[in-house]
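Analysis of the macromolecular model
Given next are the chains, with one letter for each unit.
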Amino acid sequence: ITTCKEKIVISMNSLGEFQIQEEQIFNCHVSTVSIKTEKAARKLNRQIGKYITIYCPTPFDQYIEIAEVGECLAIVLNRILHPYHDGTLCICGLGNQKVTADSLGPEVLYNLPLKVLEIKQTPGTFQKVFSIAPGTEFSNGINTETLIKGIVQETHTTCLLLIDSSITEDPTQLAQTIQLSTAGGTNPFMAKRKGNWTNLNIPVISLCVPTTFPLYNPNDKNQKTMLTDIHIQDAIFAASITINYALLRVFWPSLSKQECFILAKQNHDPLPFSTIWFEETEDNTPIP
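Now for a description of the structure that goes with this document. Owing to the predicted nature of the structure, the values given are computational and were not obtained by experimental measurement. (Residues numbered from 1 in each chain as written. Predicted model: local features only at pLDDT ≥ 70, side-chain atom pairs only at ≥ 80, totals over all residues. Heavy atoms only, no water.)

1. Let's talk about the overall build of the chain
Note the following rule: In this description a helix means any DSSP run of H or I spanning at least four residues, a strand means any run of E spanning at least two, and both kinds are numbered starting from the N terminus. For every residue, the accessible area obtained with a 1.4 Å probe (protein chains only) is divided by the maximum for its type, and the residue is called buried under 20%, exposed over 50%, and partly exposed between those limits. Residue contacts are counted whenever heavy atoms from the two residues lie within 4.5 Å of one another. A 1.4 Å probe and the Shrake-Rupley method give the accessible areas. Residues count as covered only by the protein chains that appear here.
Across its full length, the chain carries eight helices and 10 strands. Looking at the 288 residues of the chain, the share that counts as buried comes to 49%. Summarising the internal contacts of the chain: among those between residues at least 6 apart in sequence, 68% fall at separations of at least 24. On the chain, roughly 14300 Å² of surface is accessible, and the fraction owed to carbon and sulfur atoms is 52%.

Written out as structure tokens, the structure reads:
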């Protein structure tokens, strides 16, 4: 198992309008596409920003190695969020907790011990971190972006982190990748519209794990059946613990790896076999 001191191998290909960067971090392959111009954005049908995909060595399940995937995600997250340190961060867990494949966002927040850390007055990289699980547009009858806008304005939030399940058309990425973007939020698939996060006037970062993929009807392209893995409940559980671990590592660097691991699963039994349990000394190595 590698450590935080492992060399990060970077190969970069600059194409002028956009840039592709490939890295190997803690046994995870990390691919970053940076779209720099409006011309490139139109050509790629994307918004200007960074699109990062972390390819995990194994699918998310009870045997996921947090010492690898969690540390890799912490490094990537820290790079993205570092400019907004010392501000107020809102973590928004999107999705429907009653639908397993769509429950990643609420599940992450359920296990994130924000009040415990506030009571303990644990020093962190942000002045304030709070979370909200707003539910879905179908149940609320109002756009999620509208709900979050009011919260953001009232709390003087300086950065918004969205956590959500996502859809992939590549089954090999199902529950085995983490996708991050700085390009301004997620799109509600079932509502069949694009999310409008621009009127928040703050940076919006999204973090997603693919949990479903569409099966198209060859006779009707508008008709889709959503498929998922039979072990999706285990995948959601493992992904939520891994994400929580990374959030704790980034936001509260004074905590050791072992403390982050224990707090990340405060409402569940620990994932077995993580090498974090077997480290001889507490490791407070800062996230680069």
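2. Observations regarding the pattern of salt bridges
As a reminder, the rule being used: Put simply, a salt bridge is a Lys or Arg side-chain nitrogen that is within 4 Å of an Asp or Glu carboxyl oxygen.
A full pass over the atoms with the stated rule returns four salt bridges. For glutamate 23, the salt bridge goes to arginine 79, with nearest N and O atoms at 2.9 Å. Of this pair, glutamate 23 sits in strand β2 (residues 18–25) while arginine 79 sits in helix α2 (residues 66–81), and the two are 56 residues apart along the sequence. Residues glutamate 118 and lysine 128 are paired through a salt bridge, measuring 3.4 Å at the closest nitrogen-oxygen approach. Placement of glutamate 118 in helix α4 (residues 114–119) and of lysine 128 in strand β6 (residues 128–132) is noted, with a sequence separation of 10 residues between them.

3. As for the pairing of β2
Quick note on the threshold: We treat two strands as partners when DSSP finds at least two bridges between them.
The pairing of β2 with strand β3 (residues 28–35) spans eight bridges and is antiparallel. Note that in β3 the partner of glutamate 23 across the bridge is valine 30. As consecutive antiparallel partners, β2 and β3 are separated by two residues, and within that stretch phenylalanine 26 has a phi angle of approximately 50°, a positive value.

4. Quick look at unusual backbone geometry
With a phi close to 50°, phenylalanine 26 is a non-glycine residue in the positive phi region. The topology assignment puts phenylalanine 26 in the loop between β2 and β3. The phi torsion at glutamine 121 lies on the positive side, around 55°, for a residue other than glycine. Mapping glutamine 121 onto the fold places it in the loop between α4 and β6.

On their own, these measurements won't tell you what the molecule is for.
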